[in-house]
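Descriptive structure summary
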Amino acid sequence: MYKIAKENLSALFRMIAASQDLYLPVKVCGQVNFKAWSEDAEVDLDTLKTVKSPKDAFFPQNENLYTVTKENKKLKIEPEALRDKPFVVFGMKACDVQAVTVLDNVFLAEPVDTYYSARREHGTIVALACHEPEESCFCKVFGIDCAEPAADVAAWFVEGSLYWKALTEKGEVLTEAVKELLADADKEEDKVEAEKEAIRAVVEKLPYSNLSLEGWNGDALTEKFNSELWEQLYKPCLACGTCTFVCPTCQCYDIKDYDTGHGVQRYRCWDSCMYSDFTMMAHGNNRTSQMQRFRQRFMHKLVYYPANNNGMYSCVGCGRCVEKCPASLNIVKVIKSFQKQGGEK
């Protein structure tokens, strides 16, 4: 284990960025999101969670796939180059790291998404423990320990220092690259252990930490799908899609063509199952009501995904949807509503 004083983090960022791209939480106009580091960036590692998740680093909100141009009456197709340069995502939280695993199960399954795969191959994740989890957090429900993130490097802020522990081969390589800035801290592991226990004590007091998932699994399809509760739950939904765009595990996307005037660019961009034109085809849309679209989102998180991924849910309890939904609809409300239907308090 190593450590570095908080005031020396700028030197650490500078050293990392000298050889590879570095993405970390940056405050712009009062909002904190993961962006590329620069000397004048207002780095903010104190904000617990960014507005959008850092999945952008591996699954960008939009990306070109290929360009088509016309030369001498012939079409020329130029695929977008795959990521071939290493990069570091610094400051991810345990829930967002788990969300990357959720995305792995989608994009690295056959047929492998080569764009995503290239980014995963070249990306190194430095995860930061949650010093003080917030009321909207419920990662514990999904078996995530925010005090001990499972990444390439795990880090903790304790008494003005960042403690650093490499957990994977990628983490060891990054550690070696910045080792001259790090001080040995093997004899101070008790400080980190005390920080972990303090974090876990906070988690136990959070209102949603003991939320029950009883009845939600891959075998609950018929019971949950046919429940009359959906007709009550969906009504305040505005179909704005905010929940899907802040969610770290949502993976739906659309593919579109753009005429540049010099050719056509084919690109993909995030989409939302909450939109009426999602997966629209010539014959129309299979989900013809907002209730059906609303149901789809939560059935996927709590039933469809675990049915196909050995019981793993595609929610990580980050709480972003709890905070951002303008109609106060979120996965916690859905789970609690079904609990009440079953007679639980």
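Residues numbered from 1 in each chain as written. Predicted model: local features only at pLDDT ≥ 70, side-chain atom pairs only at ≥ 80, totals over all residues. Heavy atoms only, no water.

**Quick notes on the packing of aromatic side chains**
Going by this rule: Here is the rule: rings of Phe, Tyr and Trp (six-membered ring for Trp) pair when centre to centre is within 6.5 Å. Planes less than 30 degrees apart are stacked, more than 60 are edge-to-face, and the remainder are tilted. A run of H or I in DSSP becomes a helix once it reaches four residues, and a run of E becomes a strand once it reaches two; helices and strands are each numbered from the N terminus. Exposure is judged per residue with a 1.4 Å probe applied to protein chains only, and the accessible area is read against the type maximum: over 50% gives exposed, under 20% gives buried, and values in between give partly exposed.
Applying the stated rule across the entire model yields 15 aromatic pairs. Relative to F294, the ring of W230 lies with its centre 6.2 Å away and its plane at 70°, an arrangement referred to as edge-to-face. With W230 in helix 7 (residues 229–233) and F294 in helix 9 (residues 290–308), the pair connects residues that are 64 residues apart, well separated along the chain. Look at W230 and you get buried, because its relative accessible area is 1%. For F294, a relative accessible area of 1% puts it in the buried group. Taken together, F59, F107, Y116, F245, Y253 and W270 form an aromatic cluster joined through their ring pairs.

**Brief notes about the sheet that holds strand 12 (residues 264–270)**
As a reminder, the rule being used: Strands are labelled as partners when DSSP assigns at least two bridges between them. Note on definitions: angles span 0 to 180 degrees between N-to-C directions of axes, and those axes are lines fitted to C-alpha atoms, for helices only across the stretch in contact. We call two residues in contact whenever any of their non-hydrogen atoms come within 4.5 Å of each other.
Pairing is antiparallel in the open sheet, where four strands are placed in the order 5-4-12-11. Two strands lie at the open edges of the sheet, namely strand 5 (74–79) and strand 11 (253–259), each paired on one side alone. On average, adjacent strands in this sheet sit at an angle of 20° to one another, irrespective of strand direction. In the sheet, strand 4 (residues 62–71) pairs with strand 5 via six bridges, with the strands oriented antiparallel. Looking across to strand 5, one finds that V68 is bridged to I77. Together, strand 4 and strand 12 form the strand contacts of helix 3 (residues 114–122), whose direction differs from that of strand 4 by roughly 125°.

**Side note on the pattern of salt bridges**
Spelled out, the test is: Counted as salt bridges are all cases of a side-chain nitrogen of Lys or Arg within 4 Å of a carboxyl oxygen of Asp or Glu.
For the structure shown, the criterion picks out 25 salt bridges. For R120, the salt bridge identified is with D104, shortest N-O distance 2.9 Å. You can see R120 sitting in helix 3 and its partner D104 sitting in helix 2 (residues 94–107), a full 16 residues away along the chain. For the residue pair R120 and D104, the accessibility class agrees, reading buried in each case. Across the salt bridge formed by K224 and E223, the nearest N and O atoms sit 3.3 Å from each other. K224 gets classed as buried once you look at its relative accessible area, which sits at 4%.

**Some words on the side chain of Q290**
Rules: Polar contacts, as used here, are pairs of N or O atoms within 3.5 Å; protein pairs need one atom able to donate a hydrogen and one able to accept it. Residues neighboring in sequence count only if both atoms are side-chain atoms.
Within the secondary structure, Q290 is located in helix 9. Among the polar contacts made by the side chain of Q290, one reaches the main-chain carbonyl oxygen of M274 at a distance of 3.4 Å. The contacts of Q290, once residues within four sequence positions are left out, are Y234, C237, A239 and M274.

**A look at a negative patch on the surface**
The criterion, for reference: Patches draw on residues past 30% relative accessible area with no salt bridge. Two like charges within 9 Å are joined, as are two nonpolar side chains (Val, Leu, Ile, Met, Phe, Trp, Tyr) within 5 Å. Here, Shrake-Rupley sampling with a 1.4 Å probe gives the accessible areas, and only protein chains in the shown set may cover a residue. Asp and Glu are treated as the negative residues and Lys and Arg as the positive ones, with His and the ends of the chain left uncounted. The location of each charge is read from NZ of Lys, CZ of Arg, CG of Asp or CD of Glu.
A surface patch of like charges, here negative, comprises D184, D186, E189 and D190. Tracing the chain through its elements places D186 in the loop between strand 10 (183–184) and helix 5 (189–205). Judged by relative accessible area, which is 42%, D186 ranks as partly exposed.

**Concerning helix 2**
Heads up, the rule is: Take the number of residues in a helix, subtract one, and multiply by 1.5 Å to get its expected span.
Under the 1.5 Å per step criterion, the end-to-end length of helix 2 is 20 Å for 14 residues, consistent within 8% with the ideal 20 Å. Taken across its 14 residues, helix 2 has ten buried, putting it largely inside the fold. Residues of helix 2 that are buried in the fold lie against strand 6 (87–92), helix 3, strand 7 (123–128), strand 11, helix 9 and helix 10 (320–324).

**Re the pairing of strand 7**
Among the six residues that make up strand 7, six are buried, leaving the element largely enclosed by the rest of the structure. Taken together, the five bridges between strand 6 and strand 7 define a ladder with parallel strand orientation. By the bridge assignment for strand 7, V88 is matched with T124. Relative to strand 8 (residues 153–158), strand 7 runs parallel, the two sharing three bridges. Bridge assignment links A127 to a residue of strand 8, and that residue is A154.

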